[in-house]
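# Coordinate analysis (summary)
The chain contents come next:
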Amino acid sequence: MHMKPPSRTLEFARKEAEDVMFGSLDNLFSNTNIKPEEIGILVVNCSLFNTTPSFTDVIINKYKMKSSVKSFDLSGMGCSAGVISVDLAKGILQYEDDAGKLGVFLSKSVMPVAGLALRTNITTLGPLVLPLGEKLRYLIIIDEIENNLKLSPAHAEASRMTLHRFGNTSSSTIWYELAYIEAKGWMGKNNRIWQIALGGGFKCNRAVLVSLKNVKPSHLVSSNKGNPWEDCIHKYFM
């Protein structure tokens, strides 16, 4: 939603947030065939905008979710809030056990050497980049992570292309990057995705997600409808 001059009213900010959330949820329910009343846990994060009633209340009422749904509204946690939300959901859910009970598998462990390199990088880089312009700041962070962890350009491609197309979208950035990987068809069964989110404070949160199935490129399968890259992924290559 673009307005010139920009609207700074509470009403407009809430309308913009609701349009984004409702559009994403509509696609989610359509693509997964999950019904809103089947949802048992709802976690919502918004980096900067925090109002009453909360966004969880708005979503529960909009989609008529059951009254027993466990809802959590996170705000003010900056760009790293997306990973914090996943960790919160992980803590509530159960792992799949030997009896076959389903849950969520989410590992936050990373190689000790990579973890040490990342911590060192953040400690030395943070004070240097925070005063810089937003895009330059995030480009430097991506460059340094790639260099310090000895990653190839392909490993950082999703981050670079997301920054190019959407700019800094705060806590939702890692999900645009994940959607890029899916749209490219790079997501195979048992592949691991290391998500790193840097936020104000200065905070660093990370999670390792394991893919449960192969994901075909967006242009080859209709189930990826709603992927934000589906109309332009063919333009991005390195």
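Residues numbered from 1 in each chain as written. Predicted model: local features only at pLDDT ≥ 70, side-chain atom pairs only at ≥ 80, totals over all residues. Heavy atoms only, no water.

### Observations concerning the overall build of the chain
Looking only at helices and strands, one finds seven helices and five strands in the chain. Sequence-ordered secondary structure for the chain, helices as α and strands as β, is α-β-α-β-α-β-α-α-α-α-β-β. Burial analysis of the chain (238 residues in total) assigns 38% to the buried set. Long-range pairs, those at least 24 residues apart, make up 60% of the contacts in the chain with a sequence separation of at least 6. With an accessible surface of roughly 14,600 Å², the chain has 57% of that area assigned to carbon and sulfur atoms. (Helix = DSSP H or I, 4+ residues; strand = E, 2+ residues; numbered from the N terminus. Buried < 20%, exposed > 50% of the residue type's maximum accessible area, 1.4 Å probe, protein only. Contact = heavy atoms within 4.5 Å. Areas by Shrake-Rupley, 256 points an atom, 1.4 Å probe, with all protein chains shown as cover.)

### Quick word on the pattern of salt bridges
Using the criterion set out here, one finds four salt bridges in the structure. Glu18 serves as the salt-bridge partner of Arg14, at 3.6 Å between the closest nitrogen and oxygen. With Arg14 and Glu18 both in helix H1 (residues 10–32) and four residues apart, the pair spans about one turn of that helix. The buried category is assigned to Arg14, whose relative accessible area is 17%. Note that Asp19 is salt-bridged to Lys15, the shortest N-O span being 2.8 Å. Here the residue Asp19 and the residue Lys15 both occupy positions in helix H1, the gap between them amounting to four residues, near one helical turn. Given the relative accessible area of 36%, Asp19 is considered partly exposed. (Salt bridge = Lys/Arg side-chain N within 4 Å of Asp/Glu carboxyl O.)

### Quick notes on the pairing of strand S1 (residues 41–46)
Successive residues of a regular strand alternate their side chains across the two faces of the sheet. Where S1 and strand S2 (residues 70–75) come together, six bridges link them in parallel fashion. Within S2, the position partnered with Val44 by the bridge is Asp73. With helix H2 (residues 55–62) bridging S1 and the parallel S2, this β-α-β connection has right-handed handedness. (Pairing = 2+ DSSP bridges. Right-handed = clockwise from strand over helix to strand, strands pointing away.)

### Thoughts on unusual backbone geometry
Phi is positive for Asn33, which is not a glycine, with a value near 60 degrees. Its place among the elements puts Asn33 in the loop between H1 and S1. Look at Asn33 and you get exposed, because its relative accessible area is 66%. Its identity as a non-glycine residue notwithstanding, Asn190 has a phi of 75 degrees, on the positive side. In this fold, Asn190 is placed in the loop between helix H7 (173–184) and strand S4 (192–199).

### Considering the packing of aromatic side chains
Going through the model one piece at a time under the given rule, you end up with seven aromatic pairs. Ring geometry for Phe166 and Tyr176: centres 4.3 Å apart, planes at 25 degrees, overall stacked. A residue pair is termed long-range when its members are at least 10 positions apart, and Phe166 in helix H6 (residues 153–166) and Tyr176 in helix H7 qualify at 10 residues. Residue Phe166 is classed as partly exposed on the basis of its relative accessible area of 27%. Overall, the relative accessible area of 25% leaves Tyr176 in the partly exposed class. Ring geometry for Tyr180 versus Trp186: centroids 6.0 Å apart, planes at 75 degrees, classification edge-to-face. Taking relative accessible area as the criterion, Tyr180 reaches 0% and is therefore assigned buried. (Phe/Tyr/Trp six-rings, centres within 6.5 Å; stacked < 30°, edge-to-face > 60°.)

### Some thoughts on the nonpolar core
In terms of nonpolar packing, the biggest core is built from 16 residues, with Phe29, Leu42, Val44, Phe55, Ile59, Tyr63 and Met65 touching the most fellow members. Breaking this core down by element, the ones donating at least two residues are H1, S1 and H2. In terms of residues, this core owes the most to one element, H1, which gives five residues. In contact with Leu42, other than residues within four places in its own chain, are Thr56, Ile59, Ile60, Met65, Val69, Lys70, Ser71 and Phe72. In this structure, Leu178, Ile181, Ile193 and Val215 belong to the second largest nonpolar core, which totals 15 residues. (Core = buried A, V, L, I, M, F, W, Y, C linked by side-chain atoms within 4.5 Å.)

### Remarks on H7
Spanning 12 residues, H7 covers 17 Å between terminal C-alpha atoms, matching the ideal 16 Å at 1.5 Å per step. Regarding H7, the residues found buried are Thr173, Ile174, Glu177, Leu178, Ala179, Tyr180, Ile181 and Ala183. (Expected span 1.5 Å × (residues − 1).)

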